[in-house]
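Structure at a glance
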Amino acid sequence: MNSPVYQDGVLAHGTDGERERLRLLEELNDPATVAVLEQLGVRADWHCVEAGAGHGSIARWLAARCPEGRVTATDLDTALLRESPVPANMTVARHDVTRDDFPADSQDLVHARALLGHLPDPGLTLGRMAGWLAPGGWLVVEDPTYLPAEASPYPEFAGLLEACQRLLARIHGTDHGWARRIPAAMARAGLTDIGMTIRVAVCGTDPTEDAFWRRCFAQATPGLVATGLMTAEQIASAVAHLDDPAFADTAWMMVSCWGRRPS
Ligand SMILES: C[S@@+](CC[C@H](N)C(=O)[O-])C[C@H]1O[C@@H](n2cnc3c(N)ncnc32)[C@H](O)[C@@H]1O
């Protein structure tokens, strides 16, 4: 599947609620992403690429941390990145990560979150991104994956999560199994010092997490119904778990991986 289809699917920036969904995604995941970046020791003079930057919170964090360097924030659709003033050391660029390149050896840090799993051949794209790194530079890739649905004590809720994964696989070619394969792909790309950590998203105990998933389910509902993956009644019944004070179950796990180009 050709990646620009992303712009036409249920996660397109123009879709009702997508701006708010991306904002919630940032609010929930930025602390873990920033912890990984801090641990790598981001320096003031680094040149960084934030690929598939979405609303741009991490690109802006990097711009603040690298005042003597430069951050290039890229996306297929850059409108959300330009909504607030762009810092002087940040460039916003329309860029398709599956085909547009940066010069070899040019970046100290390349980061992509919730991007590669939507692409037709994430391992190939990861290999190209690794080629942008200067010697000693870091590649950080984060993508979500799920625990097995059959392990959940809430089959309706787990079934809804599973149906959403099937829908994204059909529309965008999204592969939620990819996240587990990132470290191996980094090793194949010649990176070293590879590491991996995971943030588990728990529904039913955190209003921000629940707000994010309600948005995901609302955006997926027309597609789920149209494709026959679920009926509107089944979806409503699964989402109603979020109103039950006793409910707690995992949604997805955001896998964060890092690897370094040898000096
Ligand atoms: C799920 S959002 C994640 C946004 C951001 N990385 C974050 O975690 O907050 C995926 C982003 O990748 C962008 N995208 C999808 N396919 C792309 C491609 N081939 N090249 C560049 N960006 C792409 C989308 O437009 C969207 O902004």
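Here the structure is a predicted model, which means the values were calculated and not measured.

Tallied over the entire structure, the rule returns 13 salt bridges. Put simply, D101 and R128 hold a salt bridge, and the shortest N to O gap is 3.2 Å. Of the two residues, D101 is situated in the loop between strand 3 (90-94) and strand 4 (107-113) and R128 in helix 3 (residues 122-131); the sequence distance between them amounts to 27 residues. Given the relative accessible area of 48%, D101 is considered partly exposed. In this structure R128 comes out as partly exposed when scored by relative accessible area, which is 21%.

Summed over all chains, the structure comprises one cavity of 30 Å³ or more. Here the largest cavity defines a volume of roughly 700 Å³. In terms of lining residues, the largest cavity is bounded by 46 residues, among which Y6, L11, R21, A114 and H118 are the most central. Looking at the lining of the largest cavity, the elements that each hand over two or more residues are helix 1 (18-40), strand 1 (47-51), helix 2 (57-65), strand 2 (70-75), strand 5 (133-146), helix 4 (155-172) and helix 6 (207-226). With five residues, helix 6 is the single largest residue contributor to the lining of the largest cavity. The residue makeup of the lining of the largest cavity, split by class, is 25 nonpolar, 13 polar and eight charged.

Attention shifts here to the site of the ligand. Around the ligand sit 18 residues, and of these H13, G52, D75, D96 and R113 come closest. G52 has a polar backbone atom sitting 2.7 Å from a nitrogen atom of the ligand. At a separation of 2.9 Å, a nitrogen atom of the ligand approaches a polar backbone atom of V97. Considered on its own, the ligand offers 590 Å² of accessible surface; in the complex 98% of this is hidden by protein.

When two helices pack together, their arrangement is given by the angle between their axes and by how far apart the axes lie. Interhelical geometry of helix 4 versus helix 7 (residues 232-239) gives an angle of 115° and a closest axis separation of 8 Å. Here helix 4 runs over helix 7; the crossing is left-handed. Contacts from E156, F157 and L160 in helix 4 reach I235, S237, A238 and V239 in helix 7.

Right, let's talk about the pairing of strand 5 for a bit. Buried residues dominate strand 5, accounting for 13 of its 14 residues. The pairing of strand 4 with strand 5 spans six bridges and is classified as parallel. Paired with H111 across the strands is V140, a residue of strand 5. Read as a crossover between parallel neighbours, the route from strand 4 over helix 3 to strand 5 is right-handed. By the bridge criterion, nine bridges tie strand 5 to strand 7 (residues 249-260) in an arrangement that is antiparallel. Note on strand 7: the bridge partner recorded for D143 is V255.

With respect to the helices, strands and loops of the structure, R19 is situated in helix 1. Taking the C-alpha atoms as reference points, R19 and C164, 145 residues apart in sequence, are found 19 Å from one another. In contact with R19, other than residues within four places in its own chain, are H55, L80 and E83.

Residues separated by three or four positions in an α-helix point in the same direction, a consequence of the helix having 3.6 residues per turn. Every buried residue of helix 7 is listed here: I235, A238 and V239. Down the axis of helix 7, the buried side of the element spans an arc of 95°, and every buried residue falls inside it. Contacts made by the buried residues of helix 7 are with helix 4 and helix 6.

Turning to the sheet that holds strand 6 (residues 192-203), a few remarks are in order. Taken together, seven strands build an open sheet; the order of strands is 3-2-1-4-5-7-6 and the sheet is mixed. Of all strands in the sheet, those with a lone pairing partner are strand 3 and strand 6, marking the two edges. With direction set aside, neighbouring strand axes in the sheet form an average angle of 15°. On the sheet, helix 3 packs against strand 1, strand 4 and strand 5 and is oriented at approximately 155° with respect to strand 5.

Thresholds, definitions, all that
Numbers given for residues are sequential positions, taken from 1 along each chain in its written order. The model is predicted, so local features are restricted to residues of pLDDT at least 70 and side-chain atom pairs to those at 80 or more, both for listing and for counting; the totals for chains, interfaces and linings are taken over all residues. Heavy atoms from the whole structure form the basis of all side-chain values; hydrogens and water molecules are not counted. Whenever Lys or Arg places a side-chain nitrogen within 4 Å of a carboxyl oxygen from Asp or Glu, that contact is recorded as a salt bridge. Elements are defined by DSSP. Helices are runs of H or I of four residues or more, strands are runs of E of two residues or more, and each kind is numbered from the N terminus. The buried label goes to any residue with under 20% of its type's maximum accessible area, the exposed label to any with over 50%, and the partly exposed label to all in between, with areas taken from a 1.4 Å probe on protein chains only. Residues are said to line a cavity or pocket when one of their atoms sits within 4 Å of a point; the points come from a 1 Å grid over protein atoms alone, cavities being sets where a 1.4 Å probe fits but cannot get out and pockets being open sets with protein on both sides within 12 Å along at least five of seven lines. Grid points are joined across faces, edges and corners, and a volume is the space filled by probe spheres set on the points. Here the nonpolar group is Ala, Val, Leu, Ile, Met, Phe, Trp, Tyr, Cys and Pro; Asp, Glu, Lys and Arg are the charged ones; every other residue, Gly included, is treated as polar. Nearness is defined per residue: one heavy atom within 4 Å of the molecule or strand is enough. Here a polar contact means two N or O atoms within 3.5 Å. Within protein one must be a hydrogen donor candidate and the other an acceptor candidate, and residues neighboring in sequence count only if both atoms are side-chain atoms. Only the protein chains shown count as cover for residues, with accessible areas throughout obtained via the Shrake-Rupley method and a probe of 1.4 Å. All axes are obtained by fitting lines to C-alpha atoms, using only the stretch in contact for helices, and the reported angles, taken between N-to-C directions, cover 0 to 180 degrees. Left-handed describes a crossing in which the near helix is turned anticlockwise from the far one by less than a right angle; the clockwise case is right-handed. Contact criterion: two residues are considered in contact whenever any of their non-hydrogen atoms come within 4.5 Å of each other. By the convention used here, strands pair only if DSSP detects at least 2 bridges between them. A clockwise path from the first strand over the helix to the second, with the strands pointing away from the viewer, defines a right-handed crossover. The reported arc concerns the directions from the helix axis to the C-beta atoms and nothing else.

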